[in-house]
Amino acid sequence: MNHPPIAPDDPRMLDYTAPQITTLLGELHRRGLRRGLLWGSASAGETTLDGRLLVDFGNAPVSTLLNLLHLLRDLDRNEAWER
């Protein structure tokens, strides 16, 4: 299932906490490793922008993390169908 991109100013982004982001980053590391996506130093940042917690890999918003995860999940799902 393809997902429309999540905008950085999506109000749902205000609800994410540092522990939730850390969990999502763990999934990103696991899924991205097979594809050469490495962010070993990424973590839930302490910086916020308009009340939204930023992920510390270039101060990206949580929406960037979620959009990357959606892409990787879609790739994994498509590969499962092709096998």
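Here we summarise the structure given alongside this text. (Residues numbered from 1 in each chain as written. Predicted model: local features only at pLDDT ≥ 70, side-chain atom pairs only at ≥ 80, totals over all residues. Heavy atoms only, no water.)

Section: the overall build of the protein chain
Scanning the protein chain for helices and strands turns up two helices and three strands. For the protein chain, the N- to C-terminal ordering of α and β elements is α-β-β-β-α. Evaluated residue by residue, the protein chain yields a buried proportion of 33% over its 83 residues. Accessible surface, the protein chain: about 5,500 Å² in total, of which carbon and sulfur atoms supply 57%. (Helix = DSSP H or I, 4+ residues; strand = E, 2+ residues; numbered from the N terminus. Buried < 20%, exposed > 50% of the residue type's maximum accessible area, 1.4 Å probe, protein only. Areas by Shrake-Rupley, 256 points an atom, 1.4 Å probe, with all protein chains shown as cover.)

Looking at the sheet that holds strand 3 (residues 60-61)
Strand order across the open sheet formed by three strands is 1-2-3, with antiparallel pairing between neighbours. Here the strands that pair on one side only, and so sit at the sheet edges, are strand 1 (44-49) and strand 3. Strand direction decides the pairing type here: strand 1 and strand 2 (residues 52-55), joined by three bridges, are antiparallel. Residue pairing in the sheet places T48 in a bridge with L53 of strand 2. (Pairing = 2+ DSSP bridges.)

Considering the pattern of salt bridges
A complete count under the given rule lists seven salt bridges for this structure. R73 is paired through a salt bridge with E27; the nearest N and O atoms lie 2.7 Å apart. Residue R73 is located in helix 2 (residues 62-82), and its partner E27 is located in helix 1 (residues 18-33); the two are separated by 46 residues in the primary sequence. Judged by relative accessible area, which is 25%, R73 ranks as partly exposed. Given the relative accessible area of 13%, E27 is considered buried. Measuring nitrogen to oxygen at the nearest pair gives 2.7 Å for the salt bridge that ties D74 to R77. Here D74 and its partner R77 are both found in helix 2, three residues apart, which amounts to about one turn of the helix. Through salt bridges with shared partners, one network takes in E27, R31, R34, R35, R73 and D76. (Salt bridge = Lys/Arg side-chain N within 4 Å of Asp/Glu carboxyl O.)

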